[in-house]
Amino acid sequence: MIAQDSIEALKARLDIVDVVGSYLELKKAGGNFKAPCPFHDEKSPSFVVSPQKQIYHCFGCGAGGDAVKFVMEYEKLNYPEALEKLADSYNFTLTHTDNKHNKPRSQVMDKLNEWYQTLLTKNQTAFSYIRERGIYESSIEQFGIGYAPESKATINYITSQQFSIKEAIDMGVVGYNEERRQTYARFVERITFPIYSANGSIVGFGGRTITGHQAKYVNSPETAFFNKSRLLYAYNLAKQTVHKKQEIIITEGYLDVIMLHQAGFNNAVATLGTALTQEHLPLLRKGSPRIVMAYDGDKAGRAAALKASKLLSAGGFNGGVVVFGGGLDPADMVKEGRVEELSQMFRDAKVFIEFVLDEILSLYDLKDPKAKESCMQEGIAYLKTLSPILQEEYKTYLASRLGGLGVSPSLLRLNTQTTNQNAPLMQKNAHKDMWELSLIKTILEKPEFIDQVLDVIEPSLLQFHSREFSLALASKVQDPEVMAIMVDESIVALQDEAALNAELSTFLKRYYERELKKVNMTSNISFEEKAFYIRKFRGKIAKLNKGELVGLND
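These notes cover the structure that comes with them. All figures in this text were calculated on a predicted structure; none of them were measured in a lab.

## Considering the sheet that holds strand β13 (residues 268-270)
- Here 5 strands make up an open sheet; going across it, the order is β13-β12-β14-β15-β16 and the pairing mixed. Every interior strand has two partners, whereas the edge strands, β13 and β16 (350-351), have only one.
- Pairing analysis gives 3 bridges linking strand β12 (residues 247-251) to β13, with the strands arranged parallel. Within β13, the residue paired with I249 across the bridge is A268.
- Taken strand by strand, helix α11 (residues 254-262) contacts β12 and β13, and its axis lies near 175° from that of β13.

## Focus: the side chain of N113
- With respect to the helices, strands and loops of the structure, N113 is situated in helix α5 (residues 108-120).
- Excluding its chain neighbours within four sequence positions, the residues that come into contact with N113 are G144, P194, Y196, I202 and F205.

## Observations concerning the pairing of strand β10 (residues 202-209)
- Taken across its 8 residues, β10 has 8 buried, putting it largely inside the fold.
- For strand β9 (residues 190-196) and β10, the ladder comprises 7 bridges, and the chain directions are antiparallel. The partner of F193 across the bridge, within β10, is G206.
- The turn joining β9 and β10, which pair antiparallel and follow one another in sequence, is formed by 5 residues; a positive phi near 100° is taken by G200.

## Topic: the nonpolar core
- Ranked by size, the top nonpolar core spans 57 residues in total, and within it I145, Y233 and F346 carry the most contacts.
- The dominant element in this core, judged by the number of residues it contributes, is α5, at 7 residues.
- In contact with I145, other than residues within four places in its own chain, are Q117, L120, I130, I135, S139, I140, I191, T192, F193, P194 and I258.
- Counting 40 residues, the second-largest nonpolar core is a separate cluster that includes L276, I291, M376 and Y397.

## What to know about the sheet that holds β10
- If you walk across this open sheet you meet the 4 strands as β6-β9-β10-β11, and the pairing is antiparallel. Edge strands, defined here as strands with exactly one partner in the open sheet, are β6 (146-148) and β11 (217-219). Across the sheet, the mean angle separating the axes of adjacent strands is 35° when strand polarity is ignored.
- Pairing geometry for β6 and β9, over 3 bridges, is antiparallel. Within β9, the residue paired with G146 across the bridge is T192.

## With respect to the packing of aromatic side chains
- Enumeration over the complete set of coordinates arrives at 24 aromatic pairs.
- In this structure, K28 packs its charged tip against the face of F33, placed 5.1 Å from the ring centre.

## Quick notes on the pairing of strand β7 (residues 174-177)
- The sheet contact formed by β7 and strand β8 (residues 182-185) spans 4 bridges and is antiparallel. Directly across from V174, in β8, lies its bridge partner A185.
- Connecting β7 to the antiparallel partner β8 that follows it, the hairpin turn spans 4 residues, and R181 within it adopts a positive phi of roughly 55°.

## Let's talk about the packing of helix α1 (residues 4-13) against helix α4 (residues 79-89)
- α4 packs onto α1 with a crossing angle of 50° between their chain directions and a minimal axis gap of 11 Å. It follows from the interaxial angle that α1 and α4 lie oblique. Handedness of the crossing formed by α1 with α4: left-handed. Note on element contacts: α4 touches α1 through Y79, L83, L86 and A87, opposite I7, L10 and K11.
- Each residue belonging to the contact of α1 with α4 can be placed in one class, and the counts come to 6 nonpolar, no polar and 1 charged.

## Here we look at the packing of helix α24 (residues 497-521) against helix α25 (residues 527-545)
- Following both chains from N to C, one finds α24 and α25 inclined at 160°, their axes separated by 9 Å at the closest point. In this view, α24 runs roughly antiparallel relative to α25, as classed from their interaxial angle. The crossing of α24 and α25 is left-handed. Contacts from S505, L508, K509, Y512, E513, E515, L516, V519 and N520 of α24 reach α25 at K530, Y533, I534, F537, R538, K540, I541, L544 and N545.
- Of the residues assigned to the contact of α24 with α25, the class counts are 9 nonpolar, 3 polar and 6 charged.

## Observations regarding the pattern of salt bridges
- Within the structure shown, the criterion is met by 18 salt bridges.
- Of the charged contacts, one joins R467 and E481 as a salt bridge, the two residues approaching to 2.5 Å between their closest N and O atoms. Within this pair, whereas R467 is found in helix α22 (residues 466-473), its partner E481 is found in helix α23 (residues 480-487), the two being separated by 14 residues in sequence.
- Judged by relative accessible area, E481 falls into the partly exposed class, the value being 31%.
- Beyond isolated ion pairs, a larger network of salt bridges with shared partners links E336, R338 and E341.

## Focus: the environment of Q124
- Structurally, the position occupied by Q124 is in helix α6 (residues 124-132).
- The class of Q124 is exposed, set by a relative accessible area of 53%.
- When the C-alpha atoms of Q124 and S164 are compared, they prove to be 31 Å apart, with 40 residues separating the residues in sequence.

What counts and how
- Residues numbered from 1 in each chain as written.
- Predicted model: local features only at pLDDT ≥ 70, side-chain atom pairs only at ≥ 80, totals over all residues.
- Heavy atoms only, no water.
- Pairing = 2+ DSSP bridges.
- Helix = DSSP H or I, 4+ residues; strand = E, 2+ residues; numbered from the N terminus.
- Contact = heavy atoms within 4.5 Å.
- Axes fitted to C-alpha atoms, helices over the stretch in contact; angles between N-to-C directions.
- Buried < 20%, exposed > 50% of the residue type's maximum accessible area, 1.4 Å probe, protein only.
- Core = buried A, V, L, I, M, F, W, Y, C linked by side-chain atoms within 4.5 Å.
- Phe/Tyr/Trp six-rings, centres within 6.5 Å; stacked < 30°, edge-to-face > 60°.
- Lys NZ or Arg CZ within 6 Å of the ring centre and 35° of its normal.
- Parallel < 35°, antiparallel > 145°, perpendicular 65-115°, else oblique.
- Left-handed = near helix turned anticlockwise from the far one by under 90°.
- Nonpolar A, V, L, I, M, F, W, Y, C, P; charged D, E, K, R; others polar.
- Salt bridge = Lys/Arg side-chain N within 4 Å of Asp/Glu carboxyl O.

See below:
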């Protein structure tokens, strides 16, 4: 069983925006963040993450909780499993009440990486290749570049360091061949590049062959710690510069990143042998940097740049594309000393939307009327993925590119009508009493006022939100209705005792005036009873008019 103090220590390290943002693409919305809910289908985002309250809540389906609850729901894990996963992500060692569980995460990859590094200089072919590519010794050390020998040597080293083969398999550095019933090292006769998580833990390796293996580059397999679609190579080294410069350069390879860092582009990263995916976007969203995609100019590179540009422009990202021609790449240009030229290319990157439209135009024979029509339709379909303002702006751009070919801009009809993103919330808000909700939020944020409130108000006095008031009094903060109040920025808590007393006085006066009116209009009680209530309510109203708060039993 995981010790409670260890759980609390882990939770203190967690940031709800960081945790949820590693799964979803969050967008700033006032003091909160919003996204489409991952727990039910919806078109307008009603899923809210509150950094102040450290909770999430969906106004659509009612899902909500803290960072641990989110991982449980999203990953379909139980409570201990979610804690273990978060602990691994944050490089935190949980302690257990039974000592047999109190062992830290395996260090096999760290130890193996140290060994690989010592082997690099001993292998003349590998070391010569690195030096020929223009990589400095300081970069070899900074990026932890190493060399993986034959499979048997790696297996022997792992066992000699007292690591079990099972944990090596779990961490992805060793594989098992079911057919032959034997283990093998994942990286054989390759230059190795350790891959780190954003917080600096080694989670995998990339390897480049130097013996002519059919696969030039390989990466670690997917493990509990390594998901290549969520990671960017060298992000752990680049993130401070990314946040400082508000710009990130994304390349296609390890060597491009290393050489760019050597040249002072310390905000360079690379995808891990995969195209940019939706899962990368939460990481790229952090700090809202300008994104420069630096891709090769061959057919594969342009296709990857087109796919990435569509994804990023639809997500509202700012930035552009640099495509390298003549068989060059960023690493080559740095080696040739063309650093200022590179810098200018990054500054002049073609805007994502223009790049996509130009690429679409280049794919068609525009002298053929049918091809021209298909091109126009593909361009319109792409523009519809953008915001209404951008649709209108770039409709003109597309029309101007096609206009000289006999296409009238009036033919480019786009349906820019959009629904109000907050429509579902507004519909629900129609029956909210903001004063009552403000009172509830006050006692949630300032529980020291509860006794003072309960002296003069009970849940039944509230017309619309008596249930939520009762839940708040019982500290049911995990209840969806209470969470909705906590994360709703339009509901403002009262700041001090004087403001609370003034609001309570106004509320009570209106309440007793309503009750007095009811008594005056009723005919099913005796004259004596009616007279008693009239005197009672008038007396309370008189005291309230003098600035006195009246209790329920006064």
